[in-house]
Amino acid sequence: MAPWQVVGLSRWPARRALRTMKSTENSTSRDSNPPVAHRSFIETNVTRNTAADTSAASAAAGTSAPSAAEILPELYRQMSIARAIDREAVNLQRTGALPAYAPLIGQEAAQVGSGAAIDKRYDFAFPTYRELGVAVAMGVDLTGYMATHLASWHGGLYDPVASRFAPIQAVVAGSVLHAMGWALGQKLDAGLAPVGRAPNEASAHDSSNPDANEPAATEPDTSSAPIGAAIAYFGDGASSQGDVHEAMNFAGVYTLPVVFFCQNNGWAISVPTENQVAGGSVSARAAGYGLPSEKIDGNDVAAVYEATARALNRAHSGGGATVIEAMTYRVGPHSTSDDPGRYRSLDEEQSWRARDPLKLCEKRLRDEGLAGDEFFTEAAAHALEVSEQVRAGILSQVDRPMHELFDFVYAEPPAALLAQRDRALEEIS
Amino acid sequence: MAPWQVVGLSRWPARRALRTMKSTENSTSRDSNPPVAHRSFIETNVTRNTAADTSAASAAAGTSAPSAAEILPELYRQMSIARAIDREAVNLQRTGALPAYAPLIGQEAAQVGSGAAIDKRYDFAFPTYRELGVAVAMGVDLTGYMATHLASWHGGLYDPVASRFAPIQAVVAGSVLHAMGWALGQKLDAGLAPVGRAPNEASAHDSSNPDANEPAATEPDTSSAPIGAAIAYFGDGASSQGDVHEAMNFAGVYTLPVVFFCQNNGWAISVPTENQVAGGSVSARAAGYGLPSEKIDGNDVAAVYEATARALNRAHSGGGATVIEAMTYRVGPHSTSDDPGRYRSLDEEQSWRARDPLKLCEKRLRDEGLAGDEFFTEAAAHALEVSEQVRAGILSQVDRPMHELFDFVYAEPPAALLAQRDRALEEIS
Amino acid sequence: MTMTADTRPRTPHTETRHLSMQQALNLALEHSLAADDRTLIFGEDVGRVGGVFRVTDGLQQKFGAARVFDTPLAESGIMGMAVGLAMAGWRPVPELQFDGFSYPAMNQVISQMARMNNRSRGTMPMPITLRLPSFGGIRAPELHGESLESLFAHVPGLKVVSPSTPNEAYHLLRQAIADPDPVVFMEPKSRYWQRGDVLLPAPSDTESDAATAEHETTTPVGTSNVVREGKHATLISWGAMVSTCLQVAEYAAEDGVELEVLDLRWLKPIDAAGIQASVSKTRRAIVVHEAPLTAGLGGEVSAIIMERCFDALRAPVERVTGFDVPYPSGALEDAYLPNADRILNAVQKTLEYRRG
Amino acid sequence: MTMTADTRPRTPHTETRHLSMQQALNLALEHSLAADDRTLIFGEDVGRVGGVFRVTDGLQQKFGAARVFDTPLAESGIMGMAVGLAMAGWRPVPELQFDGFSYPAMNQVISQMARMNNRSRGTMPMPITLRLPSFGGIRAPELHGESLESLFAHVPGLKVVSPSTPNEAYHLLRQAIADPDPVVFMEPKSRYWQRGDVLLPAPSDTESDAATAEHETTTPVGTSNVVREGKHATLISWGAMVSTCLQVAEYAAEDGVELEVLDLRWLKPIDAAGIQASVSKTRRAIVVHEAPLTAGLGGEVSAIIMERCFDALRAPVERVTGFDVPYPSGALEDAYLPNADRILNAVQKTLEYRRG
Ligand SMILES: Cc1ncc(C[n+]2csc(CCOP(=O)(O)OP(=O)(O)O)c2C)c(N)n1
Ligand SMILES: Cc1ncc(C[n+]2csc(CCOP(=O)(O)OP(=O)(O)O)c2C)c(N)n1
Ligand SMILES: [Mg+2]
Ligand SMILES: [Mg+2]
């Protein structure tokens, strides 16, 4: 019996079939490349939740995800996959197949742990350019994911709506506000106004000015469905951007279901956290907005999973936003064109390699008797298999047809642009 | 003997002569309008500091301003002047002489108290559009100040360099970063690098990469001159802007001599602080940047003066930035085109009128025997006199000549612009 | 490609009302909120107080604080929030209080709102209408008089429109809100209080999308409007400058010069065919805008005429624009803004032009 | 009005070095830092690591962390800080890491840096040079390939320049830094590694302002550069597209068509007289840029030619530009960028044009 079967997860197949994610109707065909997605824990989780407990009360309480210990083997498997694909991508960049790549090595726990806590029925993730591990955990089509690094399509070729994983974002901190806005949308969907008021609360207006009276906000929805939550990924460097401040402030004023998930990986390209984050801690900012926060060990996948689940749960049940700062380390270069030797010491890198998230997880699995050699062999083989599929997917991706330059700029393209397209197609192809 | 002579300030004339502020060489002529500036405490203060104690040690310790009790009568006089001009400006707007005006009524203590603590030898103020009281306290040419509301010149017609008072800023939070940058300039002037390192501290670089070694920053200047400080004015509304966050973060990372002076006057046009500032307090944000902060009674002019002096002192001696939140109230409308009756209650306004900063100051002066009827009569008469001079200055301001459209756009205007100017002058005048 | 709303009244319309542009815009917002309950209005001071220009007056009272609400004072936040709301399937109509305060939001406008449909390959359309009180002429403080149409028109993914009358304001705003793409809606603030007849759809139709759907064929997005016919030269303009151009046409008519006045309305897409039709006829053109000359939209219009009317053209296209200087304080506003005299000078120059 | 530095070598220059543009820029920064100790360099990753393109390589080592330093990751903060430093009498040379990341800084660039001299009536000049790696062509991630010259050129108070060769890069950067006004310096990142001869001032002069002062008369700010003479048509371009145009001129020459190639260099102020001189001679013009067509600077150039060469012109000015779409991913980059074929097509169209 495989060790993870010990914790009652035997209905997960030992070997995951690579799953084809169906594109939605309005997404475009992706030519000859079959999508590759690791079958994520979450989807299984969703199924389980639904099967095990469909009572409204349970749903209202938010996530009823399994405990971290229960799913630790699965988290390990996902981290292995993320790492294997990451390694493959670095190799592909060296051989020239990818123009550039931003490695995640060292951050597998922060990404897989948080991604695994996301409930795709309700939640939506807003990634940066380095969230491969989240994509793995959420079951995003990984060839479509890698398309952004392959320079096929800015933002990727997966379906962001169906994947609950926004297009890959190149602007540092650019999507943190989107997460906040999306979260407001969920609150509105629940029938709540941004600034909540009890239905019959007296108006604050001057009673001498009857015109100024404003009706009470829509009565809060009393159904027990959880409010969907947005999870915004950003780095220590991104925390310096004004947009992060504006997003946290809006989220506080409006009590929005957002998880601000900062991966503090020690560096923003060549700038260390101490020269980036005044006061030294991103999570310490939260108190200034009246928000709860957690500073966690970002290399402990169980800790990350649990903290994220707690924060999502708070959001689902109307408790508003949370700031999580996952302390981790970017073991590799910023990107394949970066040389960390120019700005940091090998010692520092080595000391973090000792805290490798996969090794830490493996140790716990072994120490607690949750997994043994057989499991790790299988996990490694599975990771290799997935990464080879992704590699094959990358290598077989076809060029984008020229008309795609024009196809998606507008939902209703102006005639002038269509004319420009037609002229261009004539002239160039 | 006038009451303020009791506290040893008898060398200040009981009646201040209206002083003409000399423009610097490169500022333009201001036609026929003589500048009007209340002779500020600060300039007297500067004289006094210099006369009383010129030792380097004392200078290094930063401001050696008089105590608030000593100068309370003077602060009262300045608040009276600010209020009188404010009232005059509202009247002038009603009669059509000013197109619009943003009243300061209610905020005299926050503005005069902070402005009086500024040491113009070292410090520089960065105002918004509502800092008349600071301008009074700093001795800015008040007709030139009002020129911005008169729609003569965006930014005002005083000399910002000589006045140590930046051009009036229309962009909410726009100048907070300038204060931070100006403060960095002072730190650099003192021979310090932005991120301070002890001269012989070992390089953090990978020793395997000799190229990466970087020399230590310039050795800190050991002279005892205070580091000049910037004081950035902004409102509760402005605190929502990303620029305020970026400024505080930079100031923290670089340990910059800045005082972030927030006048929390309860409202940003129609939006109350509770719907603006998540967590409810701007000063509470400071901790997140590792900065000290003070939340003070903004209607207590002595408290404001003292807190500002403390913060400036900290900045002068290398201690970095401070956030001050002066709790006050915008008793009037946002501007002359605003109608507060549409969004707030008369009760609220009345309750703040009871905490009128001038009345509070008067009470203390009388209670402590620092001033009596004679003083208040004289102060009122003086305020009226100054406000009438400002009024006369405003009413006699001449139109701006058309060539000024072009004169200051560049320090070295391109030939194309000069040609455009010449054509325009020909065609239009 | 389907077209959205018509800016001209459909038949039968049952109501004509005499409204200021501010009132017409307010009514368009009310009807749009009623027509689609995913439509949201937000921005600084748009809720309780109804906006500094009162364009959103009464809407929070009518539709509640979940449809119309105040935001904190942060323009990047407002536009980033709009993008997120659109990603969640809402139809946001944010207001930025003044033209000059769109600068802090530029990143969210250009790199996010304008590109999300493209980035997501059409799965995340951005039916956002950014309402932006625009242009000068009201003796306002600094940065309250900017003309940003050229900047926005250059951004792929945006549509840009500016109304010149209350009727245009009503119909173009409804059209912009109904459009599935991000539209920058530039309101000529100096015209807010000018009144005119507004032809409204039948009251029974105002609350349904069907009311706007029927307008689709006559005035699609990107159509300009000949507001006065003429034959000697074409004045091309938009926003507040249209009424100045109409005034100039009156003056010129006194001297027997018949000027055609073309209200471009849509600044992206620009109606190149409409420009061509008019200038092919009049053979002379003057483009008028408030924005500075260099890299202003007048250059684009001039280039379009170059490309489409080269043979017809009898004189170089004249540009009468703001100068290459920051928008000035009230004291110099009249000197800055194109006025009748400057436009008439250009008309005369154009008419008198003879090939050398 | 005095002019600042010359972009052409002064006589006597004693040194010619074969450098990449990246090296030439690095040397210009070094010499500018040496010439004026109020000059500061800062930005994301410009210090320790010497910039992501290594343009500031070694400068922190040479001048210390008080002259060359890293900032937190906040573009508005960087440009706002630059404004404050200039107010305090410093000469800031900030770098924004990529064109597309100037959007978050637009408010500080447009409403502050570009206006402070005017707002302060000349008492607070802004001798800031914003270094902006620009344009496409390197298969980079999203928002790393923007062409923002039209946007910046529209802003009163800014000057805008882009070099096309290592030699131009050296001299224009020194000139920009010496200039008392804010200059947006657009570095064509696809040309960073292209090499060319750089004519340097005598080594003894590099550290003094006198070295640049002597250059003042020959190539003032706003002067374009005829990089190839011809007589049948003029190709007008700037930045990375200049070498594409030179390539086109080679091809055309094989067929006996002599194209003049004008490197505009300064995009604000634009050298209208230089354009006029060339097009009056060749009577035909094609303007080439990477930015999207609509409201791009090509329109401005076309309008200038309309205004100044109307009689001389034998065919409408052609614009060969990027399309009105977001700058694409590497896969479609070649399709997006103007290439030799598209330019040659336009040349042919221009040459074959006959009045109808
Ligand atoms: C607005 C913006 N500015 C600059 C960049 C260039 N850039 C890309 S990644 C990066 C560092 C980001 O650091 P951090 O937020 O800590 O994320 P990490 O790379 O460590 O994952 C920078 C400066 C960018 N992409 N966007
Ligand atoms: C960037 C920007 N956005 C919007 C405005 C319009 N506006 C002017 S004052 C103001 C409210 C400012 O509130 P606060 O910062 O509290 O200052 P107060 O007016 O209370 O002194 C607003 C929204 C502006 N001037 N600048
Ligand atoms: Mg980081
Ligand atoms: Mg306020």
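As a reminder, the structure under discussion sits directly above these lines.
Residues numbered from 1 in each chain as written. Chains lettered and ligands numbered in written order. Predicted model: local features only at pLDDT ≥ 70, side-chain atom pairs only at ≥ 80, totals over all residues. Heavy atoms only, no water.

A.B. asks: What's the story with helix H4 (residues 108–117) of chain A in this structure? I'm lost.
C.D. replies: Helical periodicity: at 3.6 residues per turn, an α-helix aligns residues three or four positions apart in one direction. Most of H4(A) is tucked away: ten of the ten residues are buried. Inspection of H4(A) places Glu108(A), Ala109(A), Ala110(A), Gln111(A), Val112(A), Gly113(A), Ser114(A), Gly115(A), Ala116(A) and Ala117(A) among the buried residues, and these make up the whole buried set. (Buried < 20%, exposed > 50% of the residue type's maximum accessible area, 1.4 Å probe, protein only. Helix = DSSP H or I, 4+ residues; strand = E, 2+ residues; numbered from the N terminus.)

A.B. asks: How do you make sense of the site of ligand 2 when you look at a structure like this?
C.D. replies: Taken together, 20 residues lie near ligand 2, and Tyr129(B), Arg130(B), Gly237(B), Asn265(B) and Glu75(C) sit nearest. Nearby residues place ligand 2 at the junction of chains B and C. In the environment of ligand 2, an oxygen atom lies 2.9 Å from a nitrogen or oxygen atom belonging to the backbone of Trp267(B). Interatomic distance of 3.5 Å between a side-chain N/O atom of His334(B) and an oxygen atom of ligand 2. Taken by itself ligand 2 offers 580 Å² of open surface, and the protein chains cover 95% of this. (Near = heavy atom within 4 Å. Polar contact = N/O pair within 3.5 Å; in protein donor to acceptor, adjacent residues only side chain to side chain. Areas by Shrake-Rupley, 256 points an atom, 1.4 Å probe, with all protein chains shown as cover.)

A.B. asks: Explain the coordination of the magnesium ion (ligand 3) here, please?
C.D. replies: Residue and element names in this part refer to chain A. Every protein donor of the magnesium ion (ligand 3) is listed here as Asp-236 (OD), Asn-265 (OD1) and Trp-267 (O), and their distances to the metal cover 2.1 Å. Site description for the magnesium ion (ligand 3): donor spacing in sequence, D-x28-N-x1-W. Note that Asp-236 is positioned in the loop between strand E2 (230–235) and helix H9 (242–254) and Asn-265 in the loop between strand E3 (258–264) and strand E4 (267–268), a separation of 29 residues in sequence. Classification of Asp-236 by relative accessible area gives buried; the value is 1%. (Donors = N, O, S within 2.8 Å, 3.2 Å for Na, K, Ca; no water.)

A.B. asks: Any chance you could explain the coordination of the magnesium ion (ligand 4) here in plain terms?
C.D. replies: Ideal coordination angles are 109.5 degrees for a metal with four donors arranged tetrahedrally and 90 or 180 degrees for a metal with six donors arranged octahedrally. All names here are of chain B. Taken together, the protein ligands of the magnesium ion (ligand 4) are Asp-236 (OD), Asn-265 (OD1) and Trp-267 (O), with distances of 2.1 to 2.2 Å. Sequence spacing of the donors to the magnesium ion (ligand 4): D-x28-N-x1-W. Take Asn-265: its relative accessible area is 5%, and that puts it in the buried class.

A.B. asks: Help me understand the sheet that holds strand E13 (residues 285–292) of chain D in this model?
C.D. replies: Pairing between the strands of a sheet comes from backbone hydrogen bonds, and it takes one of two forms, parallel or antiparallel. Residues and elements named next belong to chain D. Spatially, five strands are ordered E9-E11-E10-E13-E14 in an open sheet, and the strand pairing comes out mixed. At either margin of the open sheet sits one strand with a lone partner, and together these are strand E9 (225–228) and strand E14 (318–322). Ignoring strand direction, the axes of neighbouring strands in this sheet form an average angle of 25°. In this fold helix H11 (residues 297–308) packs onto strand E10 (233–237), E13 and E14, with an angle of close to 160° to the strand it touches most, E13. (Pairing = 2+ DSSP bridges. Axes fitted to C-alpha atoms, helices over the stretch in contact; angles between N-to-C directions. Contact = heavy atoms within 4.5 Å.)

A.B. asks: Could you clarify how one ought to interpret the nonpolar core in this entry?
C.D. replies: Among soluble globular proteins, nonpolar side chains are generally buried collectively. Core analysis: the biggest nonpolar cluster contains 262 residues, and Phe260(A) and Phe260(B) have the highest contact counts within it. Leaving out residues up to four positions away in the same chain, Phe260(A) has contacts with Val176(A), Ala232(A), Phe234(A), Ala247(A), Met248(A), Ala251(A), Leu291(A), Ala321(A), Thr322(A), Val323(A) and Ile324(A). (Core = buried A, V, L, I, M, F, W, Y, C linked by side-chain atoms within 4.5 Å.)

A.B. asks: Would you take a moment to explain the site of ligand 1 for this structure?
C.D. replies: Around ligand 1 there are 20 residues in total, and Tyr129(A), Arg130(A), Gly237(A), Asn265(A) and Glu75(D) lie nearest to it. At the site occupied by ligand 1, the surrounding residues belong to chains A and D. Within the side chain of Arg130(A), an N or O atom sits 2.7 Å from an oxygen atom of ligand 1. The contact in question runs from an oxygen atom of ligand 1 to an N or O atom on the backbone of Ala238(A), over 2.8 Å. Contact with the protein chains hides 95% of the accessible area of ligand 1, taken as 580 Å² for the molecule alone. Each residue belonging to the shell around ligand 1 can be placed in one class, and the counts come to ten nonpolar, six polar and four charged. (Nonpolar A, V, L, I, M, F, W, Y, C, P; charged D, E, K, R; others polar.)

A.B. asks: Any chance you could explain the sheet that holds E2(A) here in plain terms?
C.D. replies: Residues and elements named next belong to chain A. Taken together, the five strands give an open sheet; going across it, the order is E1-E2-E3-E7-E6, and neighbouring strands pair in parallel fashion. Looking at the sheet topology across the chains shown, the edges are occupied by strand E1 (124–126) and strand E6 (293–297). The average angle at which neighbouring strand axes cross in this sheet is 20°, direction not considered. Pairing between E1 and E2: three bridges, direction parallel.

A.B. asks: What's the story with the interface of chain A and chain C in this structure? I'm lost.
C.D. replies: When the parts of a complex come together, some accessible area is lost, and that lost area is often taken as the interface size. Taken together, the 60 residues of chain A in the interface contact 51 residues of chain C. Contact between chain A and chain C buries roughly 4200 Å² in total, counting both sides, with carbon and sulfur atoms accounting for 60%. When the buried surface of chain A facing chain C is broken down by residue, His178(A), Tyr410(A) and Glu412(A) rank first, second and third, together holding 16% of it. In this assembly, chain A and chain C are joined by two salt bridges. In this structure, the salt-bridge partner of Arg38(C) is Asp189(A), at a minimum N-O distance of 2.8 Å. Counting across the chain A and chain C interface gives 19 residue pairs in polar contact (both at pLDDT 80 or more). When residues of the side of chain A that touches chain C are traced back to their parent elements, those giving at least two are E1, helix H7 (160–163), helix H8 (176–189), H9 and helix H15 (415–428) of chain A. (Buried area = accessible area lost by both parts, 1.4 Å probe. Salt bridge = Lys/Arg side-chain N within 4 Å of Asp/Glu carboxyl O.)

A.B. asks: Explain unusual backbone geometry to me, please; I cannot follow it from the model alone.
C.D. replies: In terms of backbone geometry, most residues other than glycine have negative phi values and most peptide bonds are trans. The residue after Lys268(C), namely Pro269(C), is reached through a cis peptide bond having omega -5°. You will see that Ala151(B), though not glycine, has its phi angle at about 65°, which is positive. Along the chain, Ala151(B) falls in the loop between helix H6 (142–146) and helix H7 (160–163). Although it is not a glycine, Arg121(D) sits at a positive phi angle of roughly 50°.

A.B. asks: Looking at this model, I keep getting lost on the pairing of strand E5 (residues 129–134) of chain D. Mind explaining?
C.D. replies: Looking down a regular strand, the side chains alternate between one sheet face and the other. Residues and elements named next belong to chain D. Counting buried positions over the six residues of E5 gives six, a clear majority of the element. Covered by surrounding structure in E5 are Thr-129, Arg-131 and Pro-133 together with Leu-130, Leu-132 and Ser-134, the residues of both alternating faces. For E5 and strand E7 (residues 183–188), the ladder comprises six bridges, and the chain directions are parallel. Its bridge partner lying in E7, Thr-129 is registered against Val-183.

A.B. asks: Even after reading the chapter, I still don't get helix H10 (residues 272–282) of chain C, so can you show me in this structure?
C.D. replies: Residue and element names in this part refer to chain C. When H10 is considered as a whole, its buried residues turn out to be Ala-272, Gly-274, Ile-275, Ser-278, Val-279 and Thr-282. Mapping the buried residues of H10 onto a view down its axis gives an arc of 160°, with all of them on the same face. Contact partners of the buried residues in H10: strand E10 (233–237), strand E11 (259–263), strand E13 (285–292) and helix H11 (297–309). Just downstream of H10 lies Arg-283, where phi reads positive at about 70°. (Arc of directions from axis to C-beta.)

A.B. asks: Sorry, what's going on with the interface of chain B and chain D here?
C.D. replies: Listed per partner, the contact involves 60 residues of chain B and 51 residues of chain D. Carbon and sulfur atoms make up 60% of the area that chain B and chain D hide from each other, which totals about 4100 Å². Considering only the side of chain B, the residues that lose the most area to chain D are His178(B), Tyr410(B) and Glu412(B), jointly responsible for 16% of the buried surface there. Inspection of the chain B/chain D interface yields two salt bridges. Between chain B and chain D we count 19 residue pairs in polar contact (both at pLDDT 80 or more) in total. Of all the secondary structure elements, the ones that give two or more residues to the side of chain B that touches chain D are strand E1 (124–126), H7, helix H8 (176–189), helix H9 (242–254) and helix H15 (415–428) of chain B. In terms of residue count, the dominant contributor to the side of chain B that touches chain D is H8(B) (ten residues). In the side of chain B that touches chain D, the residues fall into 33 nonpolar, 17 polar and ten charged.

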